[in-house]
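The primary structure of each chain is shown beneath.
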Amino acid sequence: MTKISKNDNLQGEQASDDSQRKSDHINLALHSQTLVNELDRRFYYEPMVAGFPSEPLNSIPFAGKQIKVPIWVSSMTGGHLMSGKINRNLAMACKEFGMGMGLGSCRMLLSEETYFADFDVRSILGDENPLFANLGIAQIEQMVERNETDKLRRLVASLKADGLIVHVNPLQEWVQPEGNTVHYPPSETIEKLLEKIDFKLIVKEVGQGFGPKSIQKLLKLPLTAIEFGAFGGTNFAKVEIQRSSDIKQELHRPFVNIGVSAEEMIDLINDMVLNGNKFACNQLIISGGIHNYLDGYYLTQKSLLPSIYAQASAFLKYSQGEYSVLQKFVSTQIEGFKMAQNYLTLRNPKPAL
Ligand SMILES: Cc1cc2nc3c(=O)[nH]c(=O)nc-3n(C[C@H](O)[C@H](O)[C@H](O)COP(=O)(O)O)c2cc1C
């Protein structure tokens, strides 16, 4: 029998790998045609200008802390069977990769302790990463009216959060079978709230985004950030409509396709910046329909205001089982973002200030 040296063996393996690869190419090439009308026209691809990314991304100041990547976990869950596991997985990913996290609505924690453990992720996330509690505008309105904002301070303190996210969701409340009434313009409620609190505040939508008048109002407030919750992704008015009776579904359906997309919101805000407006809030969290790192890269590059991007449903998909699945998802998002940063430029770069 001929003795094969280790080297010979490796060469043999290499040859069979190469041969397999060539055979794959022949089989797959005919199924790998691209179509010009499917070209992603947001970017120019520049293969001549960089090698593979080898450095970490630059850290970013956010809410008085530094995050290592421009990615935020959008508010999602608490108070059901899977919530604890999902939140702990998400917090582990934030710790490992240096991301910030918004908790899902903490409303139930205002009245009972039962589900506190689901939300109690500060020790997993680490002190260095931003963590925000979350409540809806209807509850905030009530608490401001009743002079009960001290409860908010206690909520934020008990979770060791950096502050609170208020989700402003009048449409969702209106179509929700058990929804609350929003009595006053949310901008007035938020203004009143800001006078009473000493923690950081973020305001977001839940799938419809904000139009120009709302954006103007928000940017004038001393908020830590505005999170878009834009149209184009998960839409909570749509979720609630599907939970209602047949007749209500039919009557509320016209509102399903109402909203403002993340790109439209960036365009609106950029116009305001270019028109010389000065804002009290200068930080954006671009969310709502961010499918992947390319959407995130595109929109953060396009924004004239400092911005990071956020996802909800994408994280949810990968956070319900083993942590390693979420870990792979997040590391691929970050690698993809870095590849984009090295090889892609915007075809329509943001206007110079
Ligand atoms: C399962 C789930 C639960 C959510 N719960 C909340 C919530 O409690 N509070 C909130 O502000 N937004 C909530 N959202 C909305 C998200 O934060 C986000 O604004 C919206 O899903 C759009 O992001 P996406 O398109 O990446 O999913 C939830 C989203 C999902 C998918």
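Position numbers for residues count from 1 along each chain, tracking the sequence in the order it is written. Reporting of local features is limited, given that this is a predicted model, to residues whose pLDDT is at least 70; pairs of side-chain atoms are given and counted only at 80 or more, and all residues count toward the totals for whole chains, interfaces and linings.

Novice: I would appreciate a short explanation of helix α8 (residues 186-196) in the present structure.
Specialist: Two residues of an α-helix separated by three or four positions point the same way, owing to the 3.6 residues in each turn. Within α8, the full set of buried residues consists of Pro186, Thr189, Ile190 and Leu193. On an axial view of α8, the arc spanned by its buried residues comes to 95°, and they lie on one face. Along α8, exposed side chains directed more than 90 degrees from the buried face belong to Glu188 and Glu195. Residue pairs qualify as contacts under a 7 Å threshold applied to their C-beta atoms, which are placed from the backbone. Runs of E in the DSSP output that reach at least two residues are strands. Runs of H or I that reach at least four are helices, and both are numbered from the N terminus. Buried residues along α8 sit against α5 (137-145), β7 (163-167) and β8 (200-204). Neighbour counting defines burial: a residue surrounded by 20 or more other C-beta atoms within 10 Å of its own C-beta is buried, one with 12 or fewer is exposed, and intermediate counts give partly exposed, using backbone-placed C-beta atoms. This arc corresponds to the set of directions leading from the helix axis out to the C-beta atoms.

Novice: Whenever I open this one, the sheet that holds β8 confuses me. Can you help?
Specialist: Strand pairs in the sheet, formed through backbone hydrogen bonds, run parallel or antiparallel to each other. We treat two strands as partners when DSSP finds at least two bridges between them. Spatially, the eight strands close up into a barrel ordered β4-β5-β6-β7-β8-β9-β10-β11, and their pairing is parallel. Ignoring which end each strand starts from, the neighbouring axes of this sheet average 30° apart. Relative to β7, strand β6 (residues 131-136) is paired through five bridges, and the arrangement is parallel. Paired with Phe132 across the two strands is Gly163, which belongs to β7. To obtain each axis, a line is fitted to C-alpha atoms, and for helices this fit is confined to the stretch in contact; angles are then taken between N-to-C directions over 0 to 180 degrees.

Novice: Would you mind going over the nonpolar core with me for this structure?
Specialist: As a rule of thumb, soluble globular proteins bury nonpolar side chains together. Working definition: the nonpolar core is a set of buried Ala, Val, Leu, Ile, Met, Phe, Trp, Tyr and Cys residues, joined through C-beta atoms within 7 Å. One finds Met99, Met101, Ala133, Leu164, Val166, Val203 and Ile286 to be the most contacted residues of the largest nonpolar core, which totals 75 residues. Sequence-distant contacts of Ile286, defined by excluding residues within four places in its chain, comprise Phe228, Ala262, Leu299, Thr300, Ser303, Ser307, Tyr309 and Ala310.

Novice: For this particular structure, what's the right way to read the pairing of β7?
Specialist: Residues in a regular strand project their side chains so that they alternate between the two faces of the sheet. Counting buried positions along β7 yields five of five residues, so the element is predominantly enclosed. As paired strands, β7 and β8 are joined by five bridges and run parallel to one another. Among the inter-strand pairings, Ile165 is bridged to a residue of β8, identified as Ile202.

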